[in-house]
Each structure stands twice: as C-alpha cells, then as structure tokens.
Amino acid sequence: MLGIVLLLAWAPLPFGSVTPFWKAVLASGSLLLLAVTALTHPQRFAWPPAGLPPLGLAAALFVIVCLWVFLQAMPFMPSAWHHPAWALSAEATGTHGTSSISINPGGTLADMISLLGIGAIFLLALTEARDVVKARILVGSAAAIALAYAVYGLIIFLSGNSSVAWVSKTAYLQSLTSSFINRNTYAVYAGLGMVSALALLLSTLAPVFSPSGRSAERWKKIISYLTGSGGLWLLAVLFGLSAMLMTGSRAGTAASLLGAGVMAGLYLAARRTRTGNLVAFMLAALVAGAAFLALSGDMLVDRLTETGRAWEARNTIYELTLIAIGDHLWLGSGYGSFEDIFRMYAGLSETYGPTFKAAHSVYLETVLELGMPAALALFGAVACCLWLAIRGMLTRRRDRIYPALAIGATLIVALQGAVDFAIQTPAITMLYTVLLAVGVAQSVSSTSATARRVSRSGDH
C-alpha cells in the first residue's frame, strides 16, 4: 500500500505527470509495483474477487481495449484497415515504409503502456481496499496529499503566482494551478481531493445526523471531533475548496461541487438521516460555498461572464471532431493520436489552426481514437465498476461512504470530461482510479465475501 501512496504523492508534482517522460515514469512505476506485489503476495490476486462477479466483465472489456490498442499500432493488420494517410505519404515521397491502423503508432504504444498502468493501479488499490482499514488509509492519504498541493498552490498564488513546480509560469497567470499547468485539470484534482476529505468527515460525523441521540450531546461530539483528529479533514475540505475556486475553472468547479453534493446526499439519505438534519446540512453547505465564492471566487465569477466566446470555440472543435469520427467510426485513428489526426481536419475551419492537442471532450476524443466498438468497451468497463459502487451504496449497512465516494468522484470526471479533458492528466487518472477501486472493493462486505469464498472452496 505504501507504493500506491508514494505514487499518488509523486504524480502531481511534475506538472501532473502530463509530459511524455513523466507519463512513462508513472506508468512504469505502476506496472513495476504490480509485478513486485504479484511476486511477493500472489494470494491477493484471486480472480474474480469474492462478491464482485461483475468485475470480471469489466476486466474482460479492459483487456479487449488494451489488445485493440496494441493491434492499432501493428503493421501486420490487414492493409485495407491501415490509415489512408500512410498510402498518401508513400505516394508523395515514393517510399513505402511500415503502416498501421494508427496514424501515430509510436504514440499509440506509449499510451497503451499508460493504459496498462491505470489497470495496474486499479488492481493494486482493489486488493488493498478489501480491508476497510486500508481503504480508509488510502482515502485519507489521497485527501492529505491533495491538501498539501492545495496549500502549496495557495502559497505560490499569494506570493505572485510566478512559478509552477520548478519552472517559471507562462500560462494562466491569473489562476491558481498548484503544480499543474492547466487550471481546469488542477480544479478537478482539487475537487477529487476535497470529496475524499469530505467523505472522511461524513463517515465520522454521520451519527450526528441520525434520528437518535440528544441534540446537545451530538453537537458536543461534533465540536470535539472537528477540534481533534477531524480537523485535518475539515482543513482539507476548506483549503481544497478555496484553491479550486481560485483556479477560475467553470466546468471543474461546477462538476466538483455537484459531485460532492451528490455523494453527501446519497450517503446521508442512505443512513435514513432526519429530513430536518439533512436540510440543515445542505443549507450549511450552501452558505459555506457562497462564503468561499465571495472570498476566493473573483476569477471564477469573471469567467462565468465569458461563456459565449469560449463555447463558440468548443463547438468548432466538436464539429471537426465529429467529421473525423465519421471517417474513423469502426477502427479509430489510433489511441493517443488526436493531435495528429486533427491536423488533417483543422483546415476545414477558418478559425483554428492545426495545433489542438485535445478535443475538449473525452467522449468524442476516445471514440475518434479507438473507434466506436472499443470506445464503448472502455466506457462499459468503467460503467461496470460504477454499477458495483451504486449497488454497494444501496445494499451495504456499513462503510457505504466508500461506494458513495466512488460515485461522487465518477460524476466529477464524467461531467468535466464532457467539455474538457482533465481525466487524461495522469495524476488525475491515478487519483480517480484509486478512489473508484476503493469504492468497488467496499461495495460488498469483506466478511461476507470471505464467507462466500470459504463456502465455494468447501463445495469442491
């Protein structure tokens, strides 16, 4: 588990591990950690985990996607499937080199390694988080690490906002970005850290909102907790919220607040919280959010008035991407090839040149790169995990905060991904993957799962 925590702590530092070098380092570290753990503790990897049969479907879909990405970069696939740009290049230069389905096979293979690294982290976190104590440690570590990066970001922002990590800052000079380059990606990272801390707060304070107990005693307990060990999680929520608002990211902030609200509402409702207490909690959250917006959200308020021009730009990118999807519907252009393929279509627009690196929609970009069948398989793998979290939220009596956290985190990256690409940043991908794995692992009781495993072994 220490290896997962160290990777979580390292990933945001080198610009969110977004550059090819640091992206490869993070993926290699994840795969190495999985290999070492599998060799030293092979008993942890019984498959499928007891009580989680739908996870087998998710794993199968994920493996199919990884295999397809590999095949996209291979020259031995049917030549009729190869991207037509290779034939045009050969005709223009008079040379015939290797070709493939992918327009950028090197980039496709590099991103395949990153995809395998994501799978490795999910599997590692899943096996560790079957123990509820380790699940809490993982979530607590994620929240504490996010708090550290929020504090660092606030210090840099308030001292002139002139650097990011170890280099001079050249973009988003009016926005807090911590160690990230892009304000929108950091807003999502801060949001995921905030909901992690909020989950730990709620799991401890939930008895305060229960139907039983005297009001005076409940408030005495809550004050005692918040001035003690719970103070760290309260600080993580407050600092994370403040840093997120100072990014000025509209989609990141809206998605994070909605994800946090859904997580809290689902968890408290599942505990059959008194209606009055639930309403009081929601009103307190709204008041706190409004106060922080007034104190920290000047940049966000200013950007909310600039939506027209920004959406016009996005719509143009979406239109060109949809045209490209129509030309690559079944086979895709190659995983990780958006920047390369967009150059071929950017000339159709009088507004934009061929320099865009992302489609500003994870869904459109994934369909373009993988093709519709493989994209649906990848979305389906995540959907299977989300279904397990939802089922755990509805059926578990204890520790349901972890499935609720997975639901809230998924809502954050899913909503923001509709209009941007934060989830493609490796540090955010890793953090979300760990939170999802924890929610899946805790979607069934480890006690009942062990009993089922023993029962099955006794049948043989």
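Look up: the structure comes first, before these words.
Residues numbered from 1 in each chain as written. Predicted model: local features only at pLDDT ≥ 70, side-chain atom pairs only at ≥ 80, totals over all residues. Heavy atoms only, no water.

**Re the overall build of the protein chain**
Each helix and strand counted, the protein chain has 19 helices and two strands in total. Evaluated residue by residue, the protein chain yields a buried proportion of 52% over its 460 residues. Element-wise, carbon and sulfur atoms account for 68% of the exposed surface of the protein chain, whose accessible area totals about 20800 Å². (Helix = DSSP H or I, 4+ residues; strand = E, 2+ residues; numbered from the N terminus. Buried < 20%, exposed > 50% of the residue type's maximum accessible area, 1.4 Å probe, protein only. Areas by Shrake-Rupley, 256 points an atom, 1.4 Å probe, with all protein chains shown as cover.)

**A look at the environment of Glu365**
Along the chain, Glu365 turns up in helix H15 (residues 362-370). Judged by relative accessible area, which is 4%, Glu365 ranks as buried. Ignoring sequence-local partners within four residues, the contact set of Glu365 consists of Phe338, Lys357, Ala358, Ala359 and Gln424. Here Ala359 takes part through its backbone nitrogen, which lies 2.9 Å from a polar atom of the side chain of Glu365. (Contact = heavy atoms within 4.5 Å. Polar contact = N/O pair within 3.5 Å; in protein donor to acceptor, adjacent residues only side chain to side chain.)

**Some thoughts on the nonpolar core**
Counting residues in each nonpolar core, the largest one holds 126 residues, and the members touching the most others are Leu55, Tyr189, Leu192, Leu370 and Val440. Contacts of Val440, omitting those with residues within four sequence positions, involve Leu52, Leu55, Phe122, Leu126, Cys385 and Leu388. (Core = buried A, V, L, I, M, F, W, Y, C linked by side-chain atoms within 4.5 Å.)

**A few points about the packing of aromatic side chains**
For any pair of aromatic rings, the description rests on two quantities: the centre-to-centre distance and the angle between the ring planes. Counting across every chain of the model gives 10 aromatic pairs. Ring geometry for Tyr363 versus Phe379: centroids 5.7 Å apart, planes at 65°, classification edge-to-face. With Tyr363 in helix H15 and Phe379 in helix H16 (residues 372-395), the pair connects residues that are 16 residues apart, well separated along the chain. On the basis of relative accessibility, which here comes to 32%, the residue Tyr363 falls in the partly exposed class. The class of Phe379 is partly exposed, set by a relative accessible area of 28%. (Phe/Tyr/Trp six-rings, centres within 6.5 Å; stacked < 30°, edge-to-face > 60°.)

**Some details on helix H18 (residues 426-441)**
A rise of 1.5 Å per residue sets the reference length of H18, with its 16 residues, at 22 Å; its end C-alpha atoms lie 22 Å apart and thus fit the reference within 8%. In terms of burial, H18 is largely enclosed, as 16 of its 16 residues are buried. (Expected span 1.5 Å × (residues − 1).)

**Notes on a nonpolar patch on the surface**
A grouping of Trp10, Leu13, Phe21, Val25, Trp166 and Val167 is seen on the molecular surface, where their side chains present a nonpolar patch of about 540 Å² in accessible area. Note on placement: Trp166 falls in the loop between strand E1 (163-164) and strand E2 (167-168). (Patch = residues over 30% accessible without salt bridge, like charges linked within 9 Å, V, L, I, M, F, W, Y side chains within 5 Å. Salt bridge = Lys/Arg side-chain N within 4 Å of Asp/Glu carboxyl O.)

**Re the environment of Leu138**
You can see Leu138 is positioned in helix H6 (residues 132-158). Along the primary structure Leu138 and Leu2 are separated by 136 residues, whereas in three dimensions their C-alpha atoms are 9.3 Å apart. Look past the residues within four positions of Leu138 in its chain and what remains in contact with it is Met1, Ile4, Val5, Ala125, Glu128, Ala129 and Val438.

**Some points on the pattern of salt bridges**
What the rule picks out here adds up to five salt bridges. In this structure, the salt-bridge partner of Asp340 is Arg343, at a minimum N-O distance of 3.3 Å. In this structure, the salt-bridge partner of Arg396 is Asp399, at a minimum N-O distance of 3.8 Å. In this structure Asp399 comes out as partly exposed when scored by relative accessible area, which is 25%.

**A closer look at the state of the cysteines**
The final tally for this structure, using the stated rule, is zero disulfides. With no disulfide of its own, Cys384 has Cys385 as its nearest cysteine by sulfur position, at a separation of 6.8 Å. Classification of Cys384 by relative accessible area gives buried; the value is 12%. (Disulfide = S-S within 2.5 Å.)

**Topic: the side chain of Gln442**
By secondary structure assignment, the location of Gln442 is in the loop between H18 and helix H19 (446-459). A distance of 3.0 Å separates the side chain of Gln442 from the side chain of Arg396, its partner in a polar contact. Excluding anything up to four places from it in sequence, Gln442 contacts Ala129, Arg130, Asp131, Val132, Ala135, Arg396, Asp399, Tyr402 and Pro403.

**What to know about helix H10 (residues 250-270)**
Taking 1.5 Å per residue, 21 residues should reach 30 Å; H10 reaches 30 Å between its end C-alpha atoms and fits that length. Taken residue by residue, H10 has Arg250, Gly252, Thr253, Ala255, Ser256, Gly259, Ala260, Met263, Ala264, Gly265, Tyr267 and Leu268 as its buried positions. Measuring from the backbone nitrogen of Gly252 back to the side-chain oxygen at the start of H10 gives 3.2 Å, which picks out Ser249 as the cap.

**Description of unusual backbone geometry**
Backbone geometry places Ser178, a non-glycine residue, at a positive phi of 55°. Relative to the helices and strands, Ser178 resides in the loop between E2 and helix H7 (183-205). With a phi angle near 60°, His360 is a residue other than glycine that sits in the positive phi range. In this fold, His360 is placed in the loop between helix H14 (338-342) and H15. The buried category is assigned to His360, whose relative accessible area is 14%.

Worth remembering: the numbers are spatial, not functional.
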